[in-house]
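# Structure at a glance
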Amino acid sequence: MSKIIVIAPQFVGDSILAIPFLRELKKHCGRTEIDVLTKNAGCLIFSKCRYVSEVFDINHIDYKKLCSNKYEKAYVLKRSLSAALIAFLIGAKKRIGFGGQFREIFLTKVVNYNKEEKKHELQHFMDVLKADYIEITDESLELFVDSEAVKSIQNYLTERKKVLVVACSSTHVKDWEADRFAAVSDFLIQKGYTVYFAGLEREKAYCDNIVDLMKEKAVKNLCGVLSFDEITALISKMDLIFGVDSGFCHAGAALGKKVAVMFGSTSLYQWAPLGDSCVITAGVECAPCKKPKKCRSNFICMKNISSEMVISKLEKFL
């Protein structure tokens, strides 16, 4: 049986946006097996994906194993020189991916990726399939939730409406003040929601700080308590996801939840959650930022988003 490999993104949001790509590819290739090479959160997400035969961890590449699979094609969604090189080294006959950073050297078909285009990342992924003459019939998101994880989080659920507040992201440029999160969380509790925090152990202290600043106490801080699968299961039980731009917001969108997200330096055209979503921005001229980690404006894109502005937006959205 012939095989295809997809060298996929590693972050939560990117990986979720790649699932429609895998679904459309599977429709086209039928019985052909699709393997995925990724790392970190990508391994967790794609291992649950029904369109994938096997997931390989890029941190522990077995080149002998991958070469022995004799891949007919490699689709390179990860925009790095090393990803294109891996596709070449494992002997994939056809290698299709984005140009730039000398990746063209190792690809047999190059797809244009223009960051200046007002195009969503999902659309960029689909461009790779279109370049291989594959028709796109369905761009809807989906995410696969582990049934055992759903059972394990039942004790944390309440009868009230539920909101996951995403207070942390992978980068400090998206940070928002704890007292503002506290004010919005109080507002949501007054609207009949139980507030949940979930994430890594290192995020627990910051979320504890938010809880301490809150007046209302219908809140559960589960940072460091739940596994990744359990967080995904928790999201599937939420009525609303609110917070900074993060992979969990894309998870909420993929699971059909209402999503309200604050955007600062990131391009909302490229990364806004799809579906029933509300995007909140300060409307500063310097956003989106090409070098957010070297911001010369003291991150006004996030600092200029007030709790009052967010509450006003949520009032209309809800």
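Residues numbered from 1 in each chain as written. Predicted model: local features only at pLDDT ≥ 70, side-chain atom pairs only at ≥ 80, totals over all residues. Heavy atoms only, no water.

On to the nonpolar core, then. Most often, soluble globular proteins keep nonpolar side chains buried together rather than apart. By size, the foremost hydrophobic cluster in this structure holds 61 residues, and its most contacted members are V6, F21, L22, L25, Y75 and L164. For this core, the element with the highest residue contribution is helix α1 (residues 12-29), accounting for 9 residues. If sequence neighbours within four positions are ignored, V6 has contacts with F21, L22, L25, I34, D35, V36, L37, Y75 and L77. Residues V163, C207, C301 and F317 belong to the second largest nonpolar core, which totals 35 residues. (Core = buried A, V, L, I, M, F, W, Y, C linked by side-chain atoms within 4.5 Å. Buried < 20%, exposed > 50% of the residue type's maximum accessible area, 1.4 Å probe, protein only. Helix = DSSP H or I, 4+ residues; strand = E, 2+ residues; numbered from the N terminus. Contact = heavy atoms within 4.5 Å.)

Within the secondary structure layout, V284 lies in the loop between β12 (277-280) and α12 (300-303). Separated by 17 residues in the primary sequence, V284 and C301 place their C-alpha atoms 6.0 Å from one another. Those residues in contact with V284, other than ones at most four positions away along the chain, are I300, C301 and N304.

Regarding helix α8 (residues 204-213), the residues found buried are C207, I210 and V211. Down the axis of α8, the smallest arc covering the buried residues is 100°, so these residues share one side. Of the exposed residues in α8, the ones pointing more than 90 degrees away from its buried face are A205 and D212. Against α7 (178-190), β8 (193-197) and β9 (219-221) lie the buried residues of α8. (Arc of directions from axis to C-beta.)

Let's shift gears to the packing of aromatic side chains. Tallied over the entire structure, the rule returns 6 aromatic pairs. Both rings, one in F98 and one in Y113, keep their centres 5.0 Å apart while their planes meet at 80°; by these two values the pair is edge-to-face. Linking F98 in strand β5 (residues 94-98) with Y113 in the loop between β6 (109-111) and α5 (121-131), this pair joins segments that are 15 residues apart in sequence. For the pair shown, F98 and Y113 are each scored as buried. Residues W176 and F181 carry aromatic rings whose centres are separated by 4.9 Å and whose planes lie at 90° to one another, so their mutual orientation is edge-to-face. Taking the relative accessible area as the measure of exposure, F181 reaches 0% and is therefore buried. Through pairs of rings, three or more aromatic residues link up here, namely W176, F181 and F242. The aromatic ring of Y113 is capped on one face by R79, whose charged end is 4.0 Å from the ring centroid. Its end group placed over the ring of F317, K258 keeps NZ or CZ at 4.6 Å from the ring centre. (Phe/Tyr/Trp six-rings, centres within 6.5 Å; stacked < 30°, edge-to-face > 60°. Lys NZ or Arg CZ within 6 Å of the ring centre and 35° of its normal.)

Before going further, it helps to examine the sheet that holds strand β4 (residues 73-76). Taken together, the 6 strands give an open sheet; going across it, the order is β3-β2-β1-β4-β5-β6, and neighbouring strands pair in parallel fashion. What marks the edges here is a single partner per strand, and that holds for β3 (54-57) and β6. Put simply, the sheet's adjacent strands are angled 20° from each other on average, direction ignored. Inspection of the sheet shows β4 paired to β5 by 4 bridges, in the parallel sense. Across the sheet, the residue bridging to A74 is R95, located in β5. (Pairing = 2+ DSSP bridges. Axes fitted to C-alpha atoms, helices over the stretch in contact; angles between N-to-C directions.)

As summarised here, the arrangement of the 6 strands in space is β9-β8-β7-β10-β11-β12, forming an open sheet in which the pairing is parallel. Two strands in the sheet have a free side with no partner beyond their single neighbour: β9 and β12. Here the strands of the sheet are splayed against their neighbours by 15° on average, with no regard to which way each runs. Bridge analysis of strand β7 (residues 161-166) against β8 gives 4 bridges, and the strand direction is parallel. In the strand pairing of β8, L164 is matched with Y196.

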